[in-house]
Amino acid sequence: MTMRISDRIDGERLWRRLMELARFGATDKGGVRRLALSQEEIPARACLVAWGRSFGLEPSSDAAANLFLTLGGREPHLPPVLIGSHIDSQPTGGKFDGAYGVLAALEAAQVISELPERPRRSIEVVAWMNEEGSRFAPGMMGSAVFTGKRRLEDILTIKDRDGCTVKDALESVLGAERALPRRPLGFPVAAFLEAHIEQGVLLQERGLTAGIVTGIQGKRTFRVEVIGEESHAGTTPRSARRDALTSAVAVVDALQKAMWDEADTVRFTIGMFNVLPNAPSVVPGKVVFSIDLRHNEQAMIQRLGDQVPAVCQAARGRCAVTVTELLYDAPLQFPASIRSRLSEAARRLGLSHMELPSPAGHDSRYLHYVCPTGMIFIPCKDGISHNEAESISPADAMAGARILAEAAYEMANQ
Ligand SMILES: [Zn+2]
């Protein structure tokens, strides 16, 4: 029996690299704080470059600091197959969100590089810039710019909490990588595959090794401003008040009722709520809050999201209200051809698996708009993620990398 590519996947090497990468930005509680374009990310990127170079991958980056490690194919002019994820983390993140996908891709590229003959297309391991969006919002910045969903000029002026712009942070990272060749932003891609931890409990509950992702749920975000009038808490009678907080509470209550669904499939969150001037003896003059609305079905997210302005207006009382939609990402389905290829690889390798949707967003969303894209999930303990306690098993990590290697190799030969 001939040896499969995936039989060469070295689970111990993959695990060792996961632990080594986690040292860049390591926290006391065993997690990772490696914000996008931070000083912690620079040596982590250098480490990826060194690992790739050790077996012949050629590093390069683009103007958005997306990092590529290329295994040249027999026909290098053809659009490559991209495999990877991101290495930035939340402020109190874990070792595996994103990093797993990049290092599983690196392991897949390494075993393919050891074959006597290169695949037809190049295979490129990619680490997309700023997926998490916790230092510079919004997230998935590198993949959005790469795919033309956003313009580079528009992200350069975005600032972090300390006033540092994306432009300055990009300069510090790209400055440290001056020796790397610079790629054009958004070159043609044949396909993109991303391995990632599930960040949910479906695989664990069913005792399965891998998830083949059907698609990503839709998301709409809004900013709501309720405008009243600041006045003296001791002297202004109720009849004369235009209290922004009182109106905002009524608006929030009305929204919660409008978004309520029996089946519990709607994800509706008000996660940010600011009262101004936020002083004990001043009737609040203004409230600003956020809405994050998600659902798997286009018709549902369309209907619910479209109701938001009217619901806010109806409940605003004496105050004025403005609703601004910030983002509308429709639900998406990955192509059946990729899903069946990934499922078939899992089946062939004897790995238990299921199809499942992704409730969280990933760089794969934007790649989906420009090339056939698919995702592989591996279980993560108790679904805990965006948390220093994030945990996966070495066996699952290896299994996901095996599926990725099989599918990437096949697609690179097409
Ligand atoms: Zn991630």
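Everything here concerns the structure above.
First, a word on scope: everything that follows refers to the structure included in this document. Quick caveat: nothing in here was measured; it's all calculated off a predicted structure. (Residues numbered from 1 in each chain as written. Predicted model: local features only at pLDDT ≥ 70, side-chain atom pairs only at ≥ 80, totals over all residues. Heavy atoms only, no water.)

**Structural notes on the pairing of strand E12 (residues 286-295)**
Basically, it comes down to this: Only protein chains enter the accessibility calculation, which uses a 1.4 Å probe. A residue is then buried if its area is under 20% of the maximum for its type, exposed if over 50%, and partly exposed in between. Under the scheme used here, helices are H or I runs from DSSP no shorter than 4 residues and strands are E runs no shorter than 2 residues, and both carry numbers assigned from the N terminus. Strands qualify as paired when DSSP identifies two bridges or more between them.
Within E12, eight of the ten residues are buried, which leaves the element mostly enclosed by the surrounding structure. Where strand E7 (residues 218-227) meets E12, ten bridges bridge the pair, whose relative direction is antiparallel. Bridge pairing in E12 places Val226 opposite Val287. The pairing of strand E9 (residues 267-269) with E12 spans three bridges and is classified as antiparallel. In the sheet register, Arg267 faces E12, and the bridge partner there is Arg294. In terms of strand pairing, strand E10 (residues 273-276) meets E12 through four bridges, oriented antiparallel. From the neighbouring strand, Phe273 faces E12, where its bridge partner is Phe289.

**A few points about the packing of helix H1 (residues 11-21) against helix H3 (residues 99-113)**
Between two packed helices, what matters for the description is the angle formed by their axes and the separation of those axes. The condition is simple: Interaxial angles span 0 to 180 degrees and are taken between N-to-C directions of axes, which are lines fitted to C-alpha atoms, for helices over the stretch in contact. Orientation categories follow fixed angle ranges, with anything under 35 degrees roughly parallel, anything over 145 roughly antiparallel, 65 to 115 roughly perpendicular, and all other angles oblique. Crossings are classed by handedness, with left-handed meaning an anticlockwise turn of the near helix from the far one by less than a right angle and right-handed meaning a clockwise turn. Here, two residues are considered to be in contact whenever any of their heavy atoms come within 4.5 Å of each other. Charged residues are taken to be Asp, Glu, Lys and Arg, nonpolar residues to be Ala, Val, Leu, Ile, Met, Phe, Trp, Tyr, Cys and Pro, and polar residues to be all remaining types, Gly included.
Taken N-terminus to C-terminus, the directions of H1 and H3 make an angle of 140 degrees; their axes are 10 Å apart at the nearest point. One way to sum up the angle between H1 and H3 is to call them oblique. Judged by the sense of rotation from one axis to the other, the crossing of H1 with H3 is right-handed. Seen from H1, the contacting residues are Arg13, Leu14, Arg17, Leu18 and Leu21; seen from H3, they are Ala99, Tyr100, Leu103, Ala104, Leu106, Glu107, Gln110 and Val111. For the contact of H1 with H3, the residue count by class is nine nonpolar, one polar and three charged.

**Here we look at the pairing of strand E5 (residues 191-197)**
Burial of E5 is extensive: seven of the seven residues sit out of reach of the surface. What you see with E5 is no split at all: Ala191, Leu193, Ala195 and Ile197 on one side and Phe192, Glu194 and His196 on the other are buried throughout. Relative to E5, strand E3 (residues 81-86) runs parallel, the two sharing three bridges. Looking across to E5, one finds that Val81 is bridged to Ala191. Inspection of the sheet shows E5 paired to strand E16 (residues 373-378) by six bridges, in the parallel sense. Of the residues in E16, the one forming a bridge with His196 is Phe377.

**A word on the packing of aromatic side chains**
For the record, the criterion: Two rings belonging to Phe, Tyr or Trp (six-membered ring only in the last case) form a pair when the distance between their centres is within 6.5 Å. Interplanar angles under 30 degrees mark stacking, angles over 60 mark edge-to-face geometry, and anything in between is tilted. A ring is considered to have a charge above it if a Lys NZ or an Arg CZ atom is located within 6 Å of its centre and within 35 degrees of its normal.
Going through the model one piece at a time under the given rule, you end up with nine aromatic pairs. Summarising the aromatic geometry, the rings of Tyr366 and Tyr369 are spaced 6.2 Å apart at their centres and angled 45 degrees between planes, so their arrangement reads as tilted. Of the aromatic side chains, those joined through ring pairs into one cluster are Phe68, Trp128, Phe146, Phe187 and Phe192. A cation over a ring is seen here: Arg183 above Phe68, with NZ or CZ 5.2 Å from the ring centre. Seen from the ring of Phe187, Arg183 lies directly overhead, with NZ or CZ sitting 4.2 Å from the centre.

**Comments concerning the coordination of the zinc ion**
Note the threshold: Only nitrogen, oxygen and sulfur atoms qualify as donors, provided they sit within 2.8 Å of the metal or within 3.2 Å for Na, K and Ca; with water excluded from the atoms, sites may seem incomplete.
The zinc ion binds to the protein through His86 (NE2), Asp97 (OD) and His196 (NE2), with metal-donor distances spanning 2.0 to 2.2 Å. On the primary sequence, the residues serving as donors to the zinc ion are separated as H-x10-D-x98-H. Within this pair, whereas His86 is found in strand E3, its partner His196 is found in strand E5, the two being separated by 110 residues in sequence. On the accessibility criterion, His86 (0% relative accessible area) is buried.

**Re the pattern of salt bridges**
To be explicit about the condition: One speaks of a salt bridge when a side-chain nitrogen belonging to Lys or Arg is within 4 Å of a carboxyl oxygen belonging to Asp or Glu.
Per the stated rule, a full pass over the model turns up 28 salt bridges. One salt bridge connects Arg74 with Glu117, and the closest N-O pair in it is separated by 3.7 Å. Here Arg74 is found in the loop between strand E2 (67-71) and E3, whereas its partner Glu117 is found in the loop between H3 and strand E4 (123-128), with 43 residues between them in sequence. Arg74 gets classed as partly exposed once you look at its relative accessible area, which sits at 41%. For Glu410, the salt bridge is made with Arg348, and the minimal N-O distance between the two is 2.9 Å. Highlighted residues: Glu410 in helix H12 (residues 394-412) and Arg348 in helix H10 (residues 336-348), separated in sequence by 62 residues. On the basis of relative accessibility, which here comes to 28%, the residue Arg348 falls in the partly exposed class.

**Comments concerning H1**
Formally: Working note: the arc is built from the helix axis to C-beta atom directions. We define a polar contact as two N or O atoms separated by no more than 3.5 Å, with the added condition that, inside protein, one atom must be a possible hydrogen donor and the other a possible acceptor, whereas residues neighbouring each other in sequence contribute only through side-chain atom pairs.
Buried within H1 are the following residues: Gly11, Arg13, Leu14, Arg17, Leu18 and Leu21. On an axial view of H1, the arc spanned by its buried residues comes to 165 degrees, and they lie on one face. The elements touched by buried residues of H1 are helix H2 (41-54), H3 and H12. You can read the cap of H1 off the contacts: a side-chain oxygen lies 3.1 Å from the backbone nitrogen of Glu12, and it is on Asp10.

**Considering the nonpolar core**
Put simply, the test is: Within this scheme, the nonpolar core is defined by two criteria: the residues are buried Ala, Val, Leu, Ile, Met, Phe, Trp, Tyr or Cys, and they are joined through side-chain atoms within 4.5 Å.
Formed by 61 residues in total, the largest nonpolar core has its most connected members in Leu48, Ile83, Tyr100, Leu193, Ile392, Ile403 and Leu404. In terms of residues, this core owes the most to one element, H3, which gives eleven residues. Ignoring sequence-local partners within four residues, the contact set of Ile403 consists of Ala210, Leu342, Ala345, Ala346, Leu349, Leu351 and Ile376. Of all hydrophobic cores here, the second largest spans 25 residues; its members include Phe289, Leu304, Val308 and Val321.

**So, the environment of Pro331**
Inspection of the secondary structure puts Pro331 in the loop between strand E13 (320-329) and strand E14 (332-333). Sequence separation between Pro331 and Ala299 is 32 residues, and the spatial gap between their C-alpha atoms is 9.7 Å. Setting aside residues no more than four positions away along its own chain, Pro331 makes contact with Ile216, Gln217, Gly218, His295, Asn296, Glu297, Gln298, Ile301 and Arg365.

**Structural notes on the packing of helix H8 (residues 244-259) against helix H9 (residues 298-314)**
The contact between H8 and H9 brings their axes to 10 Å, and the two run at 150 degrees. If you check the angle between H8 and H9, you find them roughly antiparallel. The way H8 lies across H9 gives a crossing that is right-handed. Of the residues in H9, those touching H8 at Val251, Ala254, Leu255, Ala258 and Met259 are Leu304, Gln307, Val308, Val311 and Cys312. The residue inventory of the contact of H8 with H9, partitioned by class, reads nine nonpolar, one polar and no charged.

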